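# Report on the structure
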Amino acid sequence: MLVVGMISGTSADGIDAVVVEITGAPPALEWKLRAHHHAHFDPALRDEILACFRPAHGTVDRLCALNFQLGEAFARAALDVIARAQLQPDQVDLIGSHGQTLWHIPEGKDASTMQLGEPAVIAERTGITTISNFRTRDMAAGGQGAPLVPHLDVILFAHPVLTRAAQNIGGIGNVTYLPPVGATHASPLPPFAFDTGPGNMLIDYATQRATNGAQTFDRDGALAAQGRVNDQLLRELMNEPYLQQSPPKTTGRELFGAQFGAPVWERAKARGISDHDIIATLTAFTAHSIAQAYRDFLPTRVDEVIVSGGGALNRTLMQILRDLLAPARVIAIDELGVASEAKEALAFAILAHETWFQRAGNVPAATGARHPVILGNITPGARPTSNIEHPTSNFTEAHNPATAEIDTLSTLEMLRRINAEDQRVAHAVAVELPHIAQAVDAIAERMRAGGRLIYIGAGTSGRLGVLDASEMPPTFSTRPDQVIAIIAGGNAAITRSIEGAEDDAEQGKLDLANLNVSARDSVVGLAASGRTPYVIGALIEAHARGALTISVACNRPAPIQDVAQINIAPLVGPEVIAGSTRMKSGTAQKLVLNKLSTGVMIRLGKTFGNLMVDVQATNVKLRDRARRIVATAARIAEDEAEQLLARADGEVKTAIVIALARVSADDARRRLRAAGGSVRGALGNR
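Right, let's walk through the structure included here. (Residues numbered from 1 in each chain as written. Predicted model: local features only at pLDDT ≥ 70, side-chain atom pairs only at ≥ 80, totals over all residues. Heavy atoms only, no water.)

### Regarding the packing of aromatic side chains
- Under the criterion given, the structure shown has seven aromatic pairs.
- Aromatic pair Tyr-242 and Phe-256: ring centres 6.2 Å apart, planes at 85 degrees, arrangement edge-to-face. A residue pair is termed long-range when its members are at least 10 positions apart, and Tyr-242 in the loop between α8 (231-237) and α9 (253-256) and Phe-256 in helix α9 qualify at 14 residues. As far as the burial class goes, Tyr-242 and Phe-256 line up, both buried.
- Over the face of the ring belonging to Tyr-242 we find Lys-249, whose NZ or CZ atom lies 4.4 Å from the ring centre. (Phe/Tyr/Trp six-rings, centres within 6.5 Å; stacked < 30°, edge-to-face > 60°. Helix = DSSP H or I, 4+ residues; strand = E, 2+ residues; numbered from the N terminus. Buried < 20%, exposed > 50% of the residue type's maximum accessible area, 1.4 Å probe, protein only. Lys NZ or Arg CZ within 6 Å of the ring centre and 35° of its normal.)

This is the structure we're talking about:
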């Protein structure tokens, strides 16, 4: 998919626009920058933007007109960058336009945000479907609507072993904390982000004052390099309350705009501080506010700081940052192959892509939102949007370029490639945890009312369902009819392929109907591709009977989504061997099933802490396990645990309650029945 991304930052010097070619989906999303263009605002338009930043001047009639004027400017920028990419507008699928932020109130009873640059004008002039207004949905979900770039930071810069900070220095500074993501270095802390404080905004203001408007920014930090930092003024600036405020937090021109810069300038001049010294001090203020934010709010020291935005081009600012953040390595984003001024535009291209495919684009740990949400409003272009192909609609069958020559590698390198692909699986499943949690709670509620958990699938997916269901009775003492698995082709399909079975939707309906499924039951359809007719037919029948329907697939969008109430779709990307869904897709489905069934059993009181207290002691190994569980739970010796088990007729839960509540076996059983089988409940939530 070809997507244009555009933004005008808080400095309001012009529009950054990119054309990006995007394939796949997180965590296997891939992109290629086709063109980048910076369109300077016409001086009269920029003057009007700056005037409207001031509440006294930003009257409703001026804002109304400015919204359409900016729409025209963004449309021209889009057409210009498309031409730079040697493309025609009808070859571009989407535009993601952040617009120009005029005002931002991040929290409180009046929390709100305003970005101008009318998307209808952009869509009309370009003919391209335009996604805009990204911040408002996050704010509606309780977030601050910013920062939104962390979604891109995670995709681009999360490292297997290094702790990184992605620091953007535009008009405002913002940081994304990126803990390691490698299998052996995985951090329990999620990525998060916040605005550190001023970026270039105050430096730009002072530069314009010092040059009487001849320069709008301090190119290369040359003016600051000619001055000396005034320590007293810097200390005063560092007392700004925003810097002490804990994240999540965002700020903007409403705090660090001209209304902040003007009194600082006047105070400094009254003390006889030179123009160059003021610029040097404000440059130091930006660097020190960033360093202090790292010390106060990042949970660990960082190994690398990746700087983007116009501030990455300010040599004086970068040198102060290197001195303050040592021994961390401070580098410009350009060294990693991304142009500093293209990053935010790239972010909104990717966010538009995610919105189009109905995937959340915010990072709640960064914005403070209650949950992930799909961002933005869609304004249709001239072409029907239904013509845009969904790149993940057959993701499991796609060709994987990372293993294209796997048969030419040494055995060790071959296995390394397979292992590298396997590492994508856990992250893909992690993305789906909110949906898995929703499914666990819904299944447990129905099973408490006497319902069943029913898996239905074909091929590898069906076998995984059979495996999970078969492990429930010995592990959690479920009755054989409580957790059931059906596989296309019947039991014979467990060990061999039954040709054509997965294509029979009517048989899926019949097999489900034969179980007399009702509204108390939960039916989980397993299909890596998300399009297996047998499974879809079964879910249609389950839905018609009032059962809870859940899909587990590795494609999104996929037909199975239309017949399930809860959709779980870990997007693991193309398989190592094209189409072999027994590999990453199978692993992902197994992890999902582990979480579903184990989570349900925990909710049903089948564990005490992390002890498997509903185990059936049916053989020597399990009798030994039962004895150890009772000994651990009751904090007694194993020989005493064995005696308790004998009194409890081998019932682990009963033995634990006997020991901890100091009651008879009959009393322990009565307590357990009253508590619905929960040991903790039988002990009075001990």
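### Observations concerning the packing of helix α11 (residues 275-297) against helix α12 (residues 315-325)
- Across the interface, α11 lies against α12 with an axial gap of 9 Å and an inter-helix angle of 30 degrees. Relative to α12, the crossing made by α11 is right-handed. Note on element contacts: α12 touches α11 through Thr-316, Leu-317, Ile-320, Leu-321, Leu-324 and Leu-325, opposite Thr-283, Ala-284, Thr-286, Ala-287, His-288, Ile-290, Ala-291 and Tyr-294. (Axes fitted to C-alpha atoms, helices over the stretch in contact; angles between N-to-C directions. Left-handed = near helix turned anticlockwise from the far one by under 90°. Contact = heavy atoms within 4.5 Å.)

### Digging into unusual backbone geometry
- For the peptide bond that leads from Pro-247 to Pro-248, omega is 0 degrees, which places it in the cis range.
- By the element assignment, Pro-248 lies in the loop between α8 and α9.
- Following Ala-326, the chain continues to Pro-327 via a peptide bond in cis, the omega torsion being 10 degrees.
- Tracing the backbone through its elements, the reader meets Pro-327 in the loop between α12 and β11 (329-332).
- Backbone geometry at Asn-212 places phi at a positive 55 degrees, although glycine is not the residue there.
- The residue Asn-212 is located in the loop between α6 (201-210) and α7 (222-225) in this model.
- Taking relative accessible area as the criterion, Asn-212 reaches 74% and is therefore assigned exposed.
- Of note in the backbone geometry, Arg-662 takes a positive phi value of approximately 55 degrees without being a glycine.
- Tracing the sequence through the fold places Arg-662 in the loop between α24 (652-661) and α25 (665-674).

### Focus on the sheet that holds strand β9 (residues 192-198)
- Strand order in the open sheet formed by five strands is β9-β8-β7-β10-β11, and the pairing between neighbours is mixed. Unpaired on one side and paired on the other, β9 and β11 mark the two borders of the sheet. Each neighbouring strand pair of the sheet contributes to a mean axis angle of 20 degrees, computed without reference to strand direction.
- By the bridge criterion, six bridges tie strand β8 (residues 172-178) to β9 in an arrangement that is antiparallel. Looking across to β9, one finds that Ile-172 is bridged to Pro-198.
- Packed onto the sheet, α11 meets β7 (164-169), β8, β9 and β10 (304-308) and runs at close to 145 degrees relative to β9. (Pairing = 2+ DSSP bridges.)

### Remarks on the pattern of salt bridges
- In the structure shown here, the tally under the stated rule is 28 salt bridges.
- One salt bridge in this structure joins Glu-21 and Arg-34, with 2.9 Å as the shortest N-O distance. Note that Glu-21 is positioned in strand β2 (residues 14-23) and Arg-34 in strand β3 (residues 30-40), a separation of 13 residues in sequence.
- Among the residues examined, Glu-21 registers a relative accessible area of 29% and is labelled partly exposed.
- In this structure, the salt-bridge partner of Glu-421 is Lys-584, at a minimum N-O distance of 2.7 Å. (Salt bridge = Lys/Arg side-chain N within 4 Å of Asp/Glu carboxyl O.)

### Section: the nonpolar core
- Membership of the largest hydrophobic core comes to 63 residues, with the highest contact counts inside it found for Leu-596, Val-630, Val-652 and Ile-656.
- Among residues more than four places away in sequence, those in contact with Val-630 are Arg-635, Ile-636, Ala-641, Leu-644, Leu-645, Val-652, Ala-655 and Ile-656.
- Listed in part, the 51 residues of the second largest apolar core include Leu-243, Ile-273, Ala-293 and Ala-312. (Core = buried A, V, L, I, M, F, W, Y, C linked by side-chain atoms within 4.5 Å.)

### A closer look at the environment of Phe-256
- Relative accessible area serves as the criterion here: at 0%, Phe-256 is assigned to the buried category.
- Those residues in contact with Phe-256, other than ones at most four positions away along the chain, are Ile-172, Gly-197, Pro-198, Met-201, Leu-202, Glu-240, Tyr-242, Thr-251 and Phe-285.

### Details of a negative patch on the surface
- A surface patch of negative charge is lined by Glu-499, Glu-502, Asp-503 and Asp-504.
- Structurally, Asp-504 is set in the loop between β14 (483-487) and α19 (505-513). (Patch = residues over 30% accessible without salt bridge, like charges linked within 9 Å, V, L, I, M, F, W, Y side chains within 5 Å. Areas by Shrake-Rupley, 256 points an atom, 1.4 Å probe, with all protein chains shown as cover. Lys, Arg positive; Asp, Glu negative; His and termini not counted. Charge placed at Lys NZ, Arg CZ, Asp CG, Glu CD.)

### Some words on the packing of helix α15 (residues 411-431) against helix α16 (residues 433-448)
- Two elements in contact, α15 and α16, have axes whose closest approach is 5 Å; the angle formed by their N-to-C orientations is 60 degrees. Put simply, α15 runs oblique to α16. Across from Val-429, Ala-430 and Val-431 in α15, the residues of α16 making contact are Leu-433, Pro-434 and Ile-436.
- Of the residues in the contact of α15 with α16, the class split is six nonpolar, no polar and no charged. (Parallel < 35°, antiparallel > 145°, perpendicular 65-115°, else oblique. Nonpolar A, V, L, I, M, F, W, Y, C, P; charged D, E, K, R; others polar.)

### Observations concerning the side chain of Thr-367
- Note that Thr-367 resides in helix α14 (residues 364-367).
- For Thr-367, the contacting residues outside a window of four places in its chain are Asp-138, Gly-143, Gln-144, Gly-145, Ala-146, Pro-147, Leu-148, Pro-248 and Asn-362.

### Re helix α13 (residues 343-356)
- The first and last C-alpha atoms of α13 sit 20 Å apart over 14 residues, in line with the 20 Å expected at 1.5 Å per residue.
- Along α13, 13 of the 14 residues are buried, which leaves the element largely enclosed by surrounding structure. (Expected span 1.5 Å × (residues − 1).)

### Some points on the environment of Leu-313
- Tracing the sequence through the fold places Leu-313 in the loop between β10 and α12.
- Sequence separation between Leu-313 and Ile-636 is 323 residues, and the spatial gap between their C-alpha atoms is 67 Å.
- Leave out the neighbours within four places in its chain, and Leu-313 touches Asp-220, Ser-340 and Glu-341.

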